[in-house]
Amino acid sequence: MFESKSGVLLIGGLFFFAIAFVSNAVVPVLMYDEEPTPVEQLVNGNLRYQFEDLAARYPESFKAAYGEPPEGLEEQDAWLNEKCAEALRLGRSIYIGEGCWHCHSQFIRPVANEEERWGPVSQQEEYQNELQMPVMFGTRRVGPDLSREGGRRSNDWHAVHFFKPTDLSTGSPMPDYPWLFDGSPDKPNRRGLALITYVQWLGSWLESYPMYEQYEPAPEFAAADDEEDEE
Amino acid sequence: MSEAERLDETSEVPLVEERLVCWYFYAAIAFMTVAMLAGLLMALQLVRWNPLGGIELLSPGRWRMLHTNAIAYGFLANAFLGALHWSVPRLTLRPVHSRWLSYAIFYAWQLVVVATAGGILVGQAQGLEWGETPIWIDPVAQFGLLLVAINFMTPILQVKGPMYVTLWYFLAAFVWTFMTYAMGNFIPQYFVAGTSAGAVGGLFIHDLVGLFVTPLGWGLMYYFVPILLKKPIWSHGLSLVGFWGLAFFYPLNGIHHFLYTPIPMFLQYGAIMSTVAVELVVTTVVINFFGTLKGSGREIVTNLPVRWFYTGMVFYFLTCLQCAMQTTLTFQQVIHFSDWVVGHAHLVMFGVFSLWLFGIMTYLFPRLLGVDWYSRRLCEWHYWLSTVSVLVMAGDLTLAGLFQGYFWASLQPWDASVDASVPFWILRVFAGLAMFGGQLVFVYNLRKTIQQSRAKADEAAMAV
């Protein structure tokens, strides 16, 4: 049996593979069987604020990418939601296509002080949506985790940073992405706007939004500050 | 004269399509060269020496994906297919299913790899690690894998009675590779989201290593090592333990890539225990091969392919030992997300499987081309540059990973961890350059050997 063709094919090839597939894949699929949330329902107030901020900051780029908003408040509201969902979809495909996910993770572990640095530990519900098909957990952190990045920095910070990261963070090994712009950081193109929208979405669903790193000055600087105060 | 050679002379259809073996090896070497350049570009970006910044089609992020995919589907798959076209007909004493199909697969597979590279470079990658093949290519590749399975399984299934160890591994690998590819590329893309997609993605990454690369690699070792050492494998019982242990435990490992995620904890524990079990299985296999070597130790010095093979096995034992430790939750707290993992990946994929395939090529090219290597010294250079640099790279990145992990856990500012990584990344660039140097030596040596082979063929033609 252990050296025969049928043994190798049926037991080794099919049966053992099936055991592993059922226990490691089917079990979590059945445990988390809620329908993935459609992208349209992922647009929330925090994200809409950022999206409208993009429209206000880069009116020409925004118009070139999405056209004119319709008349009437309600129509405008629906239009913005629709365009925002569209931007999220495109932004995610750029996030994948540019390989962002190979240097930035999207999950916060309950160990190694990650809660202190990045914010609340990732929960299963956060990933049950269409923008996490396949999931963007990531396996490497060359740059910071991004799952609570939304709202921490402004849209223009992101624009300048995507254009030339070292301008804002000296020593950053992140590559430049000038093709997300029409020549200068104040002119993000359709792709640039979409990627910024996607990054601003990350964590926008949380109570703790926007999540800031706990900042405490290092002891030597704190001591120096105290001395200055005394003088 | 071996039975295979006798059959070769008596039948009209050649048993081994030698030209195709050569072609597969040439393709593999070409893609390896591209993959190395891609890795070099990313390495230069990390130390901020990238001379080609700001060009969309040369974006390091895209070339990083090309790097891993060119290795998996361009180098490993091609080199394996070449070695399979050599070994399967010789083991079964039957040609593959169809000569025409073999050539069709060859062209189709190169098209798949080139299309994958092109798709990734224009930004169409799929969000699945090690399966970034754009989604429109996935069905084609899947169909290709089916044809490969049919082509090679036909002669294997015609074998009467018990099969040799190599064929267990090959037979299982054809089934596993097909199913792994289907599972990873379609389920998390179209059917499940989030955490469970992560579980499937983890299975895919790991099964690609464990159920495609590993069984083909070990199958080839079970074939070539006894031939080169001119004696049978030490223990048939250990061969059985090795194969069935791998078949049972390896598919259960996948989730260890995503520990401390929202994937249920009992599944994480299961994956960790299976990973440790794989280490025990691996030890039996390595013992079996060193038992075979016993009494022929001198071959390591004199026989270059044997040295490639056994060096790979030592690295294999090291990576698996490393794996059994790094998969534990204790190690994971520090090393997950860090360069430790990158070092581990290089030690496995280059240090083990690429070394084995280089060994196979070193052994087969003189037989395929009908002339000795142009320069034995250059073969030695290829060996030493490859092994030393992969060891330096893996050691360097492992250490870098520890530094990064502790910098992060101690809540140092992020930039401090990047600055601390730079010296390691610089050393990595030089290790990579040395590796690439080895590859260039190999390509040059091969080119010269091919020229000599052509000259010899011309002479023979003149003489007639």
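To be clear, the structure that these remarks concern was listed above.
Residues numbered from 1 in each chain as written. Chains lettered and ligands numbered in written order. Predicted model: local features only at pLDDT ≥ 70, side-chain atom pairs only at ≥ 80, totals over all residues. Heavy atoms only, no water.

1. Topic: the overall build of chain A
Phase 1 of the analysis: Looking only at helices and strands, one finds nine helices and zero strands in chain A.
Phase 2 of the analysis: In sequence order, chain A lays out its α and β elements as α-α-α-α-α-α-α-α-α.
Phase 3 of the analysis: The C-alpha radius of gyration of chain A comes to 23 Å, more than 25% above the 17 Å expected for a compact globule of 231 residues.
Phase 4 of the analysis: Seen through its principal axes, chain A has C-alpha atoms that stretch 80 × 60 × 35 Å.
Phase 5 of the analysis: Put simply, chain A has 231 residues, and 53% of those count as buried.
Phase 6 of the analysis: A fraction of 72% describes how many contacts in chain A between residues 6 or more apart in sequence connect residues 24 or more apart.
Phase 7 of the analysis: Carbon and sulfur atoms make up 54% of the accessible area of chain A, which amounts to about 10700 Å² in all.
Phase 8 of the analysis: One finds the centroid of the 18 positive side-chain charges in chain A at a distance of 10 Å from the centroid of its 40 negative side-chain charges. (Helix = DSSP H or I, 4+ residues; strand = E, 2+ residues; numbered from the N terminus. Rg over C-alpha atoms; globule rule 2.2 N^0.38 Å. Buried < 20%, exposed > 50% of the residue type's maximum accessible area, 1.4 Å probe, protein only. Contact = heavy atoms within 4.5 Å. Areas by Shrake-Rupley, 256 points an atom, 1.4 Å probe, with all protein chains shown as cover. Lys, Arg positive; Asp, Glu negative; His and termini not counted. Charge placed at Lys NZ, Arg CZ, Asp CG, Glu CD.)

2. Topic: the overall build of chain B
Phase 1 of the analysis: Across its full length, chain B carries 15 helices and zero strands.
Phase 2 of the analysis: Taken over C-alpha atoms, the radius of gyration comes to 22 Å for chain B, in line with the 23 Å a tight globule of 464 residues would show.
Phase 3 of the analysis: Scored against the burial criterion, the 464 residues of chain B give a buried share of 65%.
Phase 4 of the analysis: Counted over contacts in chain B with a minimum sequence separation of 6, partners at least 24 positions apart contribute 83%.
Phase 5 of the analysis: Here chain B displays about 16800 Å² of accessible surface, and carbon together with sulfur accounts for 71% of that area.
Phase 6 of the analysis: Distance from the positive charge centre (22 side chains) to the negative charge centre (22 side chains) of chain B: 7 Å.

3. Structural notes on unusual backbone geometry
Peptide bonds are, in most cases, trans, and in most cases residues other than glycine have a negative phi.
Phase 1 of the analysis: Cis geometry is found at the peptide bond from A:Met133 to A:Pro134, where omega equals -10°.
Phase 2 of the analysis: Cis rather than trans, the peptide bond between A:Tyr209 and A:Pro210 has omega equal to -15°.
Phase 3 of the analysis: Locating A:Pro210 in the fold gives a position in the loop between helix 8 (190-201) and helix 9 (219-230).
Phase 4 of the analysis: We note that A:Asn113 has phi near 60°; this positive angle belongs to a residue other than glycine.
Phase 5 of the analysis: With respect to the helices and strands, A:Asn113 occurs in the loop between helix 4 (73-97) and helix 5 (114-118).
Phase 6 of the analysis: The residue B:Tyr260 is not glycine, and still its phi comes out positive at about 65°.
Phase 7 of the analysis: Looking at where B:Tyr260 falls in the secondary structure, it is placed in the loop between helix 8 (236-249) and helix 9 (265-293).
Phase 8 of the analysis: Look at B:Tyr260 and you get buried, because its relative accessible area is 12%.

4. Observations concerning the side chain of B:Glu380
Residues and elements named next belong to chain B.
Phase 1 of the analysis: With respect to the helices and strands, Glu380 occurs in helix 14 (residues 376-409).
Phase 2 of the analysis: By relative accessible area, which is 18% here, Glu380 ends up buried.
Phase 3 of the analysis: If we ignore the near neighbours within four places in the chain, the residues touching Glu380 are Leu304 and Arg307.

5. Things to note about the pattern of salt bridges
Residues and elements named next belong to chain A.
Phase 1 of the analysis: This structure, assessed with the given rule, holds 21 salt bridges over all chains.
Phase 2 of the analysis: A salt bridge links Arg48 to Glu52; the nearest nitrogen and oxygen atoms lie 2.8 Å apart. Here Glu52 and Arg48 lie together in helix 2 (residues 45-57), a separation of four residues that amounts to about one turn.
Phase 3 of the analysis: On the accessibility criterion, Glu52 (35% relative accessible area) is partly exposed. (Salt bridge = Lys/Arg side-chain N within 4 Å of Asp/Glu carboxyl O.)

6. Focus: the interface of chain B and chain A
Phase 1 of the analysis: Each partner contributes to the interface: chain B provides 88 residues, whereas chain A provides 72 residues.
Phase 2 of the analysis: Each partner contributes to the roughly 6700 Å² buried at the junction of chain B and chain A, and carbon and sulfur atoms together form 69% of this total.
Phase 3 of the analysis: Among the residues of chain B in contact with chain A, B:Trp244, B:Phe337 and B:Trp414 are the three that bury the most area, contributing 13% of the side total.
Phase 4 of the analysis: Connecting chain B to chain A are three salt bridges. (Buried area = accessible area lost by both parts, 1.4 Å probe.)

7. Quick word on a nonpolar patch on the surface
Residues and elements named next belong to chain B.
Phase 1 of the analysis: On the surface, Trp384, Val388, Val392 and Leu427 cluster together to form a nonpolar patch covering roughly 350 Å² of accessible area.
Phase 2 of the analysis: The leading source of residues in the nonpolar patch is helix 14, at three residues.
Phase 3 of the analysis: With respect to the helices and strands, Trp384 occurs in helix 14. (Patch = residues over 30% accessible without salt bridge, like charges linked within 9 Å, V, L, I, M, F, W, Y side chains within 5 Å.)

8. Focus on helix 4 of chain A
Phase 1 of the analysis: Over its 25 residues, helix 4 of chain A extends 36 Å from the first C-alpha to the last, a length consistent with the 36 Å expected when each residue adds 1.5 Å.
Phase 2 of the analysis: At the C-terminal side of helix 4 of chain A, A:Gly99 shows a positive phi close to 75°. (Expected span 1.5 Å × (residues − 1).)

9. Some details on the packing of aromatic side chains
Phase 1 of the analysis: Applying the stated criterion to the full structure yields 59 aromatic pairs over all chains.
Phase 2 of the analysis: Measuring from ring centre to ring centre gives 6.0 Å for B:Phe365 and B:Trp373, while their planes differ by 85°; the resulting arrangement is edge-to-face. Grouping residues by exposure puts B:Phe365 and B:Trp373 together as buried.
Phase 3 of the analysis: The cationic tip of A:Arg117 hangs over the ring face of A:Trp118; the distance from NZ or CZ to the ring centre is 5.6 Å.
Phase 4 of the analysis: Lying over the aromatic face of A:Trp157, A:Arg153 brings its terminal NZ or CZ to 4.8 Å of the ring centre. (Phe/Tyr/Trp six-rings, centres within 6.5 Å; stacked < 30°, edge-to-face > 60°. Lys NZ or Arg CZ within 6 Å of the ring centre and 35° of its normal.)

10. Examining a negative patch on the surface
Phase 1 of the analysis: A cluster of acidic residues, A:Asp33, A:Glu34, A:Glu35, A:Glu125 and A:Glu130, forms a negative patch on the protein surface.
Phase 2 of the analysis: Assignment of secondary structure puts A:Glu34 in the loop between helix 1 (5-31) and helix 2.

11. Here's the deal with the nonpolar core
Phase 1 of the analysis: By size, the foremost hydrophobic cluster in this structure holds 170 residues, and its most contacted members are B:Trp218, B:Phe289, B:Phe309, B:Ile360, B:Met361 and B:Phe365.
Phase 2 of the analysis: Dropping the residues within four chain positions of it, B:Phe289 is found in contact with B:Trp218, B:Met221, B:Tyr222, B:Val225, B:Ile233, B:Tyr310 and B:Met313.
Phase 3 of the analysis: Among the nonpolar cores identified, the runner-up in size contains 42 residues, and A:Ile96, A:Leu131, A:Phe181 and A:Tyr198 belong to it. (Core = buried A, V, L, I, M, F, W, Y, C linked by side-chain atoms within 4.5 Å.)

12. Some points on the packing of helix 3 (residues 60-92) of chain B against helix 7 (residues 194-229) of chain B
Residue and element names in this part refer to chain B.
Phase 1 of the analysis: At a closest axis distance of 10 Å, the pairing of helix 3 and helix 7 adopts a crossing angle of 35°. Crossing handedness for the pair helix 3 and helix 7: left-handed. Residues Ala72, Tyr73, Leu76, Ala77, Phe80, Ala83, Leu84, Trp86, Ser87, Arg90 and Leu91 of helix 3 lie in contact with helix 7, whose contacting residues are Phe204, Leu208, Phe212, Val213, Leu216, Gly217, Leu220, Tyr223 and Phe224.
Phase 2 of the analysis: Of the residues assigned to the contact of helix 3 with helix 7, the class counts are 17 nonpolar, two polar and one charged. (Axes fitted to C-alpha atoms, helices over the stretch in contact; angles between N-to-C directions. Left-handed = near helix turned anticlockwise from the far one by under 90°. Nonpolar A, V, L, I, M, F, W, Y, C, P; charged D, E, K, R; others polar.)

13. Side note on helix 8 of chain B
Phase 1 of the analysis: Under the 1.5 Å per step criterion, the end-to-end length of helix 8 of chain B is 20 Å for 14 residues, consistent within 8% with the ideal 20 Å.
Phase 2 of the analysis: The complete set of buried residues in helix 8 of chain B reads B:Ser239, B:Gly242, B:Phe243, B:Trp244, B:Gly245, B:Leu246 and B:Ala247.
Phase 3 of the analysis: Residues of helix 8 of chain B that are buried in the fold lie against helix 1 of chain A together with helix 6 (165-191), helix 7 and helix 9 of chain B.
Phase 4 of the analysis: Taking the backbone nitrogen of B:Gly237 as reference, a side-chain oxygen 3.3 Å away marks B:Ser235 as the first, capping residue of helix 8 of chain B. (Polar contact = N/O pair within 3.5 Å; in protein donor to acceptor, adjacent residues only side chain to side chain.)

14. Structural notes on the environment of B:Ser453
All names here are of chain B.
Phase 1 of the analysis: As for its placement among the helices and strands, Ser453 is situated in helix 15 (residues 414-463).
Phase 2 of the analysis: C-alpha separation for the pair Ser453 and Pro366, spaced 87 residues apart in sequence, amounts to 9.1 Å.
Phase 3 of the analysis: Dropping the residues within four chain positions of it, Ser453 is found in contact with Leu369 and Val371.
Phase 4 of the analysis: A polar contact of 3.1 Å, which involves the side chain of Ser453, links it to the backbone oxygen of Leu369.

15. Notes on the environment of B:Thr319
All names here are of chain B.
Phase 1 of the analysis: One can find Thr319 in helix 11 (residues 304-326).
Phase 2 of the analysis: What makes Thr319 buried here is its relative accessible area of 2%.
Phase 3 of the analysis: Separated by 24 residues in sequence, Thr319 and Gly343 place their C-alpha atoms 9.8 Å apart.
Phase 4 of the analysis: Polar side-chain contacts of Thr319 include one of 2.9 Å to the backbone oxygen of Tyr316.

16. Comments concerning the side chain of B:Thr180
Phase 1 of the analysis: Among the secondary structure elements, B:Thr180 is positioned in helix 6.
Phase 2 of the analysis: Taking the relative accessible area as the measure of exposure, B:Thr180 reaches 1% and is therefore buried.
Phase 3 of the analysis: Ignoring any residue separated from it by four or fewer positions in sequence, one finds B:Thr180 in contact with A:Phe17, B:Phe204, B:Asp207, B:Leu208 and B:Leu211.

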